[in-house]
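# An overview of the molecular structure
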Amino acid sequence: MVGVVLVQASYAVVLDALKTSMTNLAFSLLIAMAVTLLIAMVVFRILTQPLEKIQKSARQLQEGNYDVRTDIHQEDELGRLAKSVDELALRLAKAKQERNRLDDIRSTFITNISHELRTPVTSMRASLEALCDGLVTEPEKVDQYHRAILKDSIQLHRLIHEIKFNYKALADGIHPLLCKVDKIESDSTPLNGVIADD
């Protein structure tokens, strides 16, 4: 024996239930879309923030600020890229320090050389002026002046040799004050065999 249950409902009740269901569905869809959008924005921010830091650091490096760091510590492609940028900044900073150090050395070197060259040149000029003006006429005095000029010329030759030697060392990145010409070979100059009296 088969039983049948007949359920009757008015059209208005069904329509109302349908509207309620559609409203709830629409509301749920809006909430889902909002949550999805929020998650997408967060993920986008997480991905783009390191890139913005790297770009900012690269711009600072381009402007000459080698102390900048990305401050990114990630174990991914962006992290490795940031590490490479930080290493580049460190190398550029060291290169800048080295360049400044060499510039200071060059400046000191030129100042010292200028002073050292001025001494024999001034002495030679004074002796030559005295001889040319006839202030010294006695043969012995004239000979002394000649020897003094020769002595200064030998000193000048030695200084020029040291300048050349030290400048080459400076160009090679060696501190010139650590370099010293201990001896000028006598056969390398036309003044060989001459001994200047003190």
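The following paragraphs examine the structure supplied in this document. (Residues numbered from 1 in each chain as written. Predicted model: local features only at pLDDT ≥ 70, side-chain atom pairs only at ≥ 80, totals over all residues. Heavy atoms only, no water.)

The next point concerns the overall build of the protein. Looking only at helices and strands, one finds three helices and zero strands in the protein. Reading the protein from its N terminus to its C terminus gives the helix and strand order α-α-α. Here the protein holds 198 residues, and the buried ones make up 19% of them. Within the protein, residue pairs in contact and separated by at least 24 positions form 56% of the contacts whose partners lie at least 6 positions apart. (Helix = DSSP H or I, 4+ residues; strand = E, 2+ residues; numbered from the N terminus. Buried < 20%, exposed > 50% of the residue type's maximum accessible area, 1.4 Å probe, protein only. Contact = heavy atoms within 4.5 Å.)

Turning next to the pattern of salt bridges. All chains considered together, the criterion is met by four salt bridges. Here R125 and E129 are joined by a salt bridge, their closest N and O atoms 2.9 Å apart. Of this pair, R125 and E129 both sit in helix α2 (residues 77-132), four residues apart, roughly one helical turn. Residue E129 is classed as partly exposed on the basis of its relative accessible area, which comes to 38%. (Salt bridge = Lys/Arg side-chain N within 4 Å of Asp/Glu carboxyl O.)

There is a patch of nonpolar side chains on the surface, built from F27, I31, V35, I39, V43 and L47 and spanning about 560 Å² of accessible area. Relative to the assigned elements, V35 resides in helix α1 (residues 11-62). Taking relative accessible area as the criterion, V35 reaches 43% and is therefore assigned partly exposed. (Patch = residues over 30% accessible without salt bridge, like charges linked within 9 Å, V, L, I, M, F, W, Y side chains within 5 Å. Areas by Shrake-Rupley, 256 points an atom, 1.4 Å probe, with all protein chains shown as cover.)

Attention now goes to unusual backbone geometry. In this structure, D71 takes a positive phi of about 60° despite not being glycine. Note on placement: D71 falls in the loop between α1 and α2. The class for D71 is exposed, based on a relative accessible area of 57%.

Within the largest apolar cluster, seven residues are counted, these being I54, L61, V68, I72, A82, V85 and A89. Listing elements by their share of this core, those giving two or more residues are α1 and α2. The element best represented in this core is α2, accounting for three residues. In contact with I54, other than residues within four places in its own chain, are T70, I72, L78, L81, A82 and V85. (Core = buried A, V, L, I, M, F, W, Y, C linked by side-chain atoms within 4.5 Å.)

In this section: the environment of L128. Assignment of secondary structure puts L128 in helix α2. Distance from L128 to I149, taken between C-alpha atoms, is 7.8 Å for residues 21 residues apart in sequence.

Mapped onto the elements, K56 comes out in helix α1. Remark: the alpha-carbon pair of K56 and V68, spanning 12 residues in sequence, is separated by 9.2 Å.

You can see L159 is positioned in helix α3 (residues 139-171). Between the C-alpha atom of L159 and that of L117, which follows or precedes it by 42 residues, the distance is 7.1 Å. In this view, L159 contacts E116, L117 and P120; residues no more than four positions away in its chain are not counted.

You can see S127 is positioned in helix α2. The residues touching S127, leaving out its near neighbours within four places in the chain, are Y145 and I149.

Spanning 56 residues, α2 covers 80 Å between terminal C-alpha atoms, matching the ideal 82 Å at 1.5 Å per step. At the N-terminal boundary of α2, the capping side chain belongs to D76, with an oxygen 3.3 Å from the backbone nitrogen of L78. Residue G134 follows α2 closely and has a positive phi angle near 75°. (Expected span 1.5 Å × (residues − 1). Polar contact = N/O pair within 3.5 Å; in protein donor to acceptor, adjacent residues only side chain to side chain.)

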